[in-house]
Amino acid sequence: MSEKSEPKASETTPEPESTAPDSTAPESTVPESTVPEAPKTNQIIREIMGGNAVVSVLAIVLALLVGSILIVFTDEDVQTAAGYFFSRPGDTFAALARAIGGAYSALFQGAIFNWKRDSFVDQIKPLTETLTFATPLIAAGLGVALGFRVGLFNIGGRGQIIIAAAVAGWISWSFPMPFFLHMLVCVVGAIAGGALWAGIAGFLKARTGAHEVIVTIMLNYVAFYLVSFLLRTPGALQAPGSNNPKSPPALKTAVMPTLSDLLGVGTYRLHFGFILVILATIFLWYLLNRSAMGFQFRAVGENPHAARVAGISVPMVYIMSMVIAGGLVGLAGASQVLGTTTSGFSAGVDAGIGFDAITVALLGRSRPWGVFFSGILFGALKAGGYTMQASQGIPIDIILVVQSVIVLLIAAPPLVRTVFRLPTPRGIPILRRAGRTPKVVTK
Amino acid sequence: MSATAVTPSTAPITHETAIRRDLKAPIALDVFAVVALVLAFLAPRPGDSVFMLSTGSDAIQLPPLSAPSVVIVTVIAVLLVALAVLAHLYAARGARGRVPLWLLAVFGVLFLVAFLAWASSGERPVQVPGLLVGTLALSTPIIFGALGGVIGERAGVVNVAIEGQLLLGAFSAAFVGSITNQPVLGLLAAMAGAVLVAFVLAVFAIRYIVDQVIVGVVLNVLVAGLTSFLYSKVLTSNSQLFNSTDRFPQIPIPGLSEIPIIGPVFFRQTIIVYLMYFAVFMVWFGLYKTRWGLRVRAVGEHPTAADTVGINVNRTRFWTVALAGAIAGMGGAYFTLDSVSSFNKEMTNGLGFIALAAVIFGQWHPLRATLAALLFGFATNLQSVLGIIGSPVPSEFMLMLPYVVTIFAVAGLVGVSRAPAADGKPYIKS
């Protein structure tokens, strides 16, 4: 598994430049102690060992270990071999190794590189699958992350994706337009749909103080039933001449071009949506870190009362942030109906992405690039999970377990340090260290 | 100048009170009254509406109520308008002018009767006991979940993991109940499962000071993944052995169960529902009438003050969250020991989130949260009832109704909901 966890080391370190001042600032205020300074190399090792990168990698290792335990305990070969453990213990260990090895090599084959295929084009296909699964996860994760940064908890990803998909789908088969332009119009429609749906929650929060958690949960159901109704109503979203609650396929001009269209080889499903998602990540990074509006967003996220005193219109920030967050989530809806499944959609179009996005945002610590890489990690787990289910008979639900354990452990660095007996990083007082959980304000 | 400034004024000090009229509730009532008027005059439906008040098995039979639906709807619409006017009068009384709860309740019930009469006219009769029985059945897990949420949040720990607690409760109840064929052991297992989730929540939230909402969300995912995995891998491998539990039998309470309407609804239930009545009372009594409750609320409102008078804040929080888990676990047991006898993937179906909404909707008060949960259960049940009697409204819109009503209620009637002051904030002793 080392080849899998290596790249993650860099992925899950959100941004060293922002954590560095945190760890050095208190050090300068500490009075000079009589203990001599530790050698430079020790300090560096300590910093690396105590830093987020190691904790993240170890969290992933621990999560995969938990997954292995589940696999082993439910594996029939292991159970039979364990039945005669004391007469031939070797069998049990062989079965253990077979079960775990089979599972994780299937995961790797499904997510990154399949050495069993003939040509390189086919061998590398799993990696493109990973990015395909990651595309909507990143987009929706960005939307949820933006909410977190403003102190809003957007559980409404599901509803926003459904509405966005409905808008994009409707444009995609109703209005013939030239190639590419049509697709862009659909994407804009999806963004508008998601923005509108999330905007309702933002508006109600700003104007009446309605709790955004309740409103977004409720809007999920409203969107689901609304689109279900439209999908079974002839003349609305239902495919003509069909009795199924399903929409007609998108016109060819609205479909996002895939990587295979571009290169002319293979059967890659990776589509233009991935480019859009990269752009969205850059946009959110710029918005949050470089723009005046983003500064207001972060100020409200840190402390709405202080922000108001400083002259920031908090209601306006709530509305704007929810609108933008909804637009980002809407991008996920567009990628679903224009990229992944273009043959028409049903009310289950969100496929759990709306909720997965919350864990993606948490793992990414609500930083744009963190979300980007955690989305790719979860995309890899998803792509590999399907292969694992098909070839090893391990239910894909185990991926949920692995994902959630990763997020839990990353959220509690002291726990991981205790498990592995790592040194506590110096210069961070106890309280500070304990508080170094992801900065998410939810009130 | 200076002399007048020092001379104390003999006039009584008058505090200026800002008159803040809150018109949200009256306006919401206006909207519903207008809807009723529209139903009465613009979209009248011919025929009679029949309300059945007794089931076939009742000892005391009440005759069915029957009247032309136009008459019922018109009369009620006029009453609703009167109530809305009354609400405006209450609101106009200045700062203390809040619309009383009874008015809202009466308004709601009348509106529903009008709507049912309108929807069912000329179609099949409305089975009132059946409607209410179904409401209680759908509400029970939500009530348990909401009670768990209320006491957890009163102690200052936000519990988003109610969904996970219900789900693990349902799973362990089915699993243990099937192996032992003892529903009581299943119930205990459900409580143990949910307490396990609560322990993880408490350890991460209190010991490791991780954001509580994050832990809750992640725990939901963890439990969903774990139970679905074990369901596919273990329960379905031998569902006869692992996933078909005995259910609790219905225990009619002698005497009480024969009261018309009330009897079949409240007193012909399983032990879990009776436990629910007990839990609602005990949580209310415990929180507001005992020393324990005072401590819990103190810890949730002002942990520093609580600590100053010698209450161990984090220990109180830890055990309160565990207790909340046990209560939510009983709600989980309801799924597999009362309504159906086997576990299914993600069978709680988001009810834990509805329970969370009920906590906030009920303003962190056990009784109000229970009422909110009943409202959600009723609205969900209404849809299936209207499906049977053949309503002219598409079923999706009926299914949507409870959620839309909740949004309206949260935005209009409840407005700014105030959580316990230290809700979700870890206590770090300095």
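Structure shown above.
Here goes a summary of the coordinates provided. (Residues numbered from 1 in each chain as written. Chains lettered and ligands numbered in written order. Predicted model: local features only at pLDDT ≥ 70, side-chain atom pairs only at ≥ 80, totals over all residues. Heavy atoms only, no water.)

Brief notes about the nonpolar core
Then, number 1: If you look at the biggest cluster of nonpolar residues, it comprises 214 residues, and the most contacted ones within it are L146(A) and F343(B).
Then, number 2: Per-element tally for this core: the top contributor is helix α16 (residues 314–340) of chain A, with 13 residues.
Then, number 3: Once you skip the residues sitting within four places of it in the chain, F343(B) turns out to touch L167(B), A170(B), F171(B), A174(B), T227(B), Y231(B), L235(B), N243(B) and T336(B).
Then, number 4: If you look at the next biggest cluster of nonpolar residues, it comprises 35 residues, including A114(B), L116(B), L382(B) and L386(B). (Core = buried A, V, L, I, M, F, W, Y, C linked by side-chain atoms within 4.5 Å. Buried < 20%, exposed > 50% of the residue type's maximum accessible area, 1.4 Å probe, protein only. Helix = DSSP H or I, 4+ residues; strand = E, 2+ residues; numbered from the N terminus. Contact = heavy atoms within 4.5 Å.)

A few points about empty space enclosed by the protein
Residues and elements named next belong to chain A.
Then, number 1: Applying the stated rule across the entire model yields 6 cavities of 30 Å³ or more.
Then, number 2: Along its surface, the second largest cavity is lined by G169, S172, W173, S247, P248, P249, A250, V337, T341, T342, G344 and F345.
Then, number 3: The dominant element in the lining of the second largest cavity, judged by the number of residues it contributes, is helix α9 (residues 157–174), at 3 residues.
Then, number 4: For the lining of the second largest cavity, the per-class residue count stands at 6 nonpolar, 6 polar and no charged. (1 Å grid on protein atoms, 1.4 Å probe; cavity = no way out; pocket = protein on both sides within 12 Å on 5 of 7 lines; lining within 4 Å. Points joined across faces, edges and corners; volume = space filled by probe spheres on them. Nonpolar A, V, L, I, M, F, W, Y, C, P; charged D, E, K, R; others polar.)

Digging into the packing of helix α5 (residues 128–154) of chain B against helix α14 (residues 313–339) of chain B
All names here are of chain B.
Then, number 1: Two numbers describe how α5 lies on α14: the axes approach to 8 Å, and their chain directions differ by 170°. It follows that α5 is roughly antiparallel to α14 by the angle criterion. On α14, the residues that touch A137, T140, P141, F144, L147, G148, I151 and G152 of α5 are T320, L323, A324, I327, A328, M330, G331, Y334 and F335.
Then, number 2: Taken together, the residues of the contact of α5 with α14 sort by class into 12 nonpolar, 5 polar and no charged. (Axes fitted to C-alpha atoms, helices over the stretch in contact; angles between N-to-C directions. Parallel < 35°, antiparallel > 145°, perpendicular 65-115°, else oblique.)

Description of the pairing of strand β1 (residues 48–52) of chain B
All names here are of chain B.
Then, number 1: Only one face of β1 is buried, namely the one carrying S49 and F51, since none of D48, V50 and M52 on the opposite face is buried.
Then, number 2: Across 4 bridges, the pairing between β1 and strand β2 (residues 65–68) is antiparallel. Residue D48 lies in a different strand from β2, and its bridge partner there is P68.
Then, number 3: With 2 bridges joining them, β1 and strand β3 (residues 126–127) adopt parallel strand pairing. Considered in β3, the bridge of F51 is made with V126. (Pairing = 2+ DSSP bridges.)

Describing the packing of helix α8 (residues 125–150) of chain A against helix α17 (residues 353–363) of chain A
Two numbers describe a pair of packed helices, the interaxial angle and the distance between the axes.
All names here are of chain A.
Then, number 1: Where α8 contacts α17, the axes come no closer than 7 Å and their chain directions differ by 65°. Judged by the twist between their axes, the crossing of α8 over α17 is right-handed. For the pair α8 and α17, contact is made by P136, L137, A140, G141, V144, A145 and F148 and by I353, D356, A357, I358, V360, A361 and L362, respectively.
Then, number 2: Considered class by class, the residues forming the contact of α8 with α17 number 12 nonpolar, 1 polar and 1 charged. (Left-handed = near helix turned anticlockwise from the far one by under 90°.)

Digging into the sheet that holds β3(B)
Residue and element names in this part refer to chain B.
Then, number 1: Strands sit in the order β2-β1-β3 across an open sheet of 3 strands; the sheet is mixed. Sheet topology places β2 and β3 at the edges, where each strand pairs with a single neighbour.
Then, number 2: In the packing of helix α3 (residues 69–91) onto the sheet, contacts are made with β1 and β2, and the angle to β2 comes to roughly 85°.
Then, number 3: Helix α4 (residues 101–120) rests against β1 and β3 of the sheet, and its axis sits at about 120° to β1.

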